[in-house]
Amino acid sequence: MSWQKYPQLDEQVYRKRLDNGLTLAVVPRKGFQKKLAYFVTNYGSIHTDYILDSVKHSAPAGVAHYLEHKLFDMPRGEVSAEFAALGANPNAFTSYDMTAYYFSCTENFESCLRLLLEFVSTPYFTEQSVAKEQGIIGQEIDMTADSPDTRVFENLMQTMYGSHPIRIPILGSRKSISAITPQVLMDCHRAFYDPSNMMLCVIGDVEAETVEEIAVEMLGSEKRSAGQKLRSWNETVVCSQKEVTAQMEVAMPMFQLGFKCEPIGTGEEAVRQEMAGDLAAEALFGESSRLYLALYEGGLIDSSFGGGFETVDGMAMLTASGDSDDPYSVRDAILERAGQLLDSGIEESDFLRMRRSALGRRVRDLDSFDSTCFRLCAYHFSEFDYFDFPRVFQSITVDDILEFVRRVVTAERCCLSVVTPISHEQEVNP
């Protein structure tokens, strides 16, 4: 048992690594009615190649998301109705590098927690149910194909990246999911749903010892071995193709701009790079920046514009996106502004204001149970204690930001994805 206090955030966390390898974190929020539990595996859509029992496996694209859907099925039926009967709201999501199952409730917390741990750790796949799910997920794939937001992002990933699997949609394709069988799902569950590859995070007015007791009761104490991820992703930071366009039924052109970064790895230095990237985005084109005001007053962007630093296992990028009648001019303006910042530097007062503002946003995010649970889990898998972020943020300097801009915000690392209205394509071509 280990309690750690964070006076600067007025937080404390109970942490423990159980005998079975599961990482447990409990954040007490005394007096709150709401309780939230996240049960998360360090496994996402990009982890299709792995070794299990000394055998190499290559799973079809989309299998992590498919598995997320199927785990809600139990031999006795679908578990959502059981959560509803307990007054709880269950849900789940699959990202590129993690999968999370969670519920919120105001009553029957212990019963809900047992149910969460039970269904996620109980693989049950039949030929009939797996085949039925192909039609359901196939419809979901078709719906995302009709989404301009999805198209502009996925086109960017497929163009920027040559080998990293972020270029493959999380859902996979109709063709790839047709190769998913009960055995494929069982193998992936054995490889990545081992407690040693997972984390349980709970927030609310709960007793940490009770959470630990339930986790041991439902998952046991035996330590097994998880699968080994294979990451043979040799990716250059240079974008061989600079632009990609598509036509869809949109009212005006929309775009997403990306600058490729080296993978940042894990640990505190990786988090420093992430925070420097976020502050670089704020200095370049944040709402309080000179460029944002110029672009907005010039009619080149609207309130949809924004961006930041994004990371996934094995990749990182600086992005900006929004609606614009001339995305190419927005791209050129950002590149020009990067050169100006390197020439003129950043005023210390402006830097301190940006850093205080960014730190304040992260602190305010702790008011959200969902945001706090998500970040504690995601940063744990990146080998960092998220509640230590104020100290790291305050270590960032002006030089860190300028070095990031110098290294990353270049034409060689830049790629632009644009979705244009079907009848107006020519209006946005350079």
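Values in this document were obtained by computation on a predicted structure and should not be read as measured data. (Residues numbered from 1 in each chain as written. Predicted model: local features only at pLDDT ≥ 70, side-chain atom pairs only at ≥ 80, totals over all residues. Heavy atoms only, no water.)

## Brief notes about the pairing of strand β6 (residues 55-58)
This is how the line gets drawn: When DSSP finds two or more bridges between two strands, those strands count as paired. Numbering of helices and strands runs from the N terminus; a helix is a DSSP stretch of H or I covering at least four residues, while a strand is a stretch of E covering at least two.
Summarising the sheet, strand β5 (residues 49-52) and β6 pair through four bridges and their orientation is antiparallel. Bridged to Y50 within β6 is H57.

## Regarding the nonpolar core
Condition: In plain words, nonpolar cores are sets of buried Ala, Val, Leu, Ile, Met, Phe, Trp, Tyr and Cys residues tied together by side-chain atoms within 4.5 Å. Buried, partly exposed and exposed residues are distinguished by accessible area as a fraction of the type maximum, computed with a 1.4 Å probe on protein chains only: under 20%, between the cut-offs, and over 50%, respectively.
Counting 74 residues, the largest nonpolar core has Y38, F305, I334, I346 and F387 as its most contacted members. Of all hydrophobic cores here, the second largest spans 55 residues; its members include A88, I137, L171 and A215.

## Here's the deal with the packing of aromatic side chains
In plain terms, the rule: A pair of aromatic rings is counted whenever rings of Phe, Tyr or Trp (Trp by its six-membered ring) have centres within 6.5 Å, and the orientation is called stacked for planes under 30 degrees apart, edge-to-face for over 60 and tilted otherwise. Here, a charge over a ring is recorded when the distance from Lys NZ or Arg CZ to the ring centre is within 6 Å and its angle to the ring normal is within 35 degrees.
Going through the model one piece at a time under the given rule, you end up with 25 aromatic pairs. Each ring, one from Y43 and one from Y193, has its centre 6.3 Å from the other, and the planes form 75 degrees; the classification is edge-to-face. Here Y193 lies in the loop between α7 (182-192) and β11 (198-204) and Y43 lies in the loop between β4 (35-41) and β5, a separation of 150 residues in the sequence. Across the pair, exposure class does not vary: Y43 and Y193 are buried alike. Ring geometry for Y101 versus F119: centroids 6.0 Å apart, planes at 80 degrees, classification edge-to-face. Residue Y101 is located in strand β10 (residues 99-105), and its partner F119 is located in helix α3 (residues 109-120); the two are separated by 18 residues in the primary sequence. Given the relative accessible area of 1%, F119 is considered buried. When the ring centre of Y161 is taken as origin, the NZ or CZ atom of K260, which lies over that ring, is 4.7 Å away.

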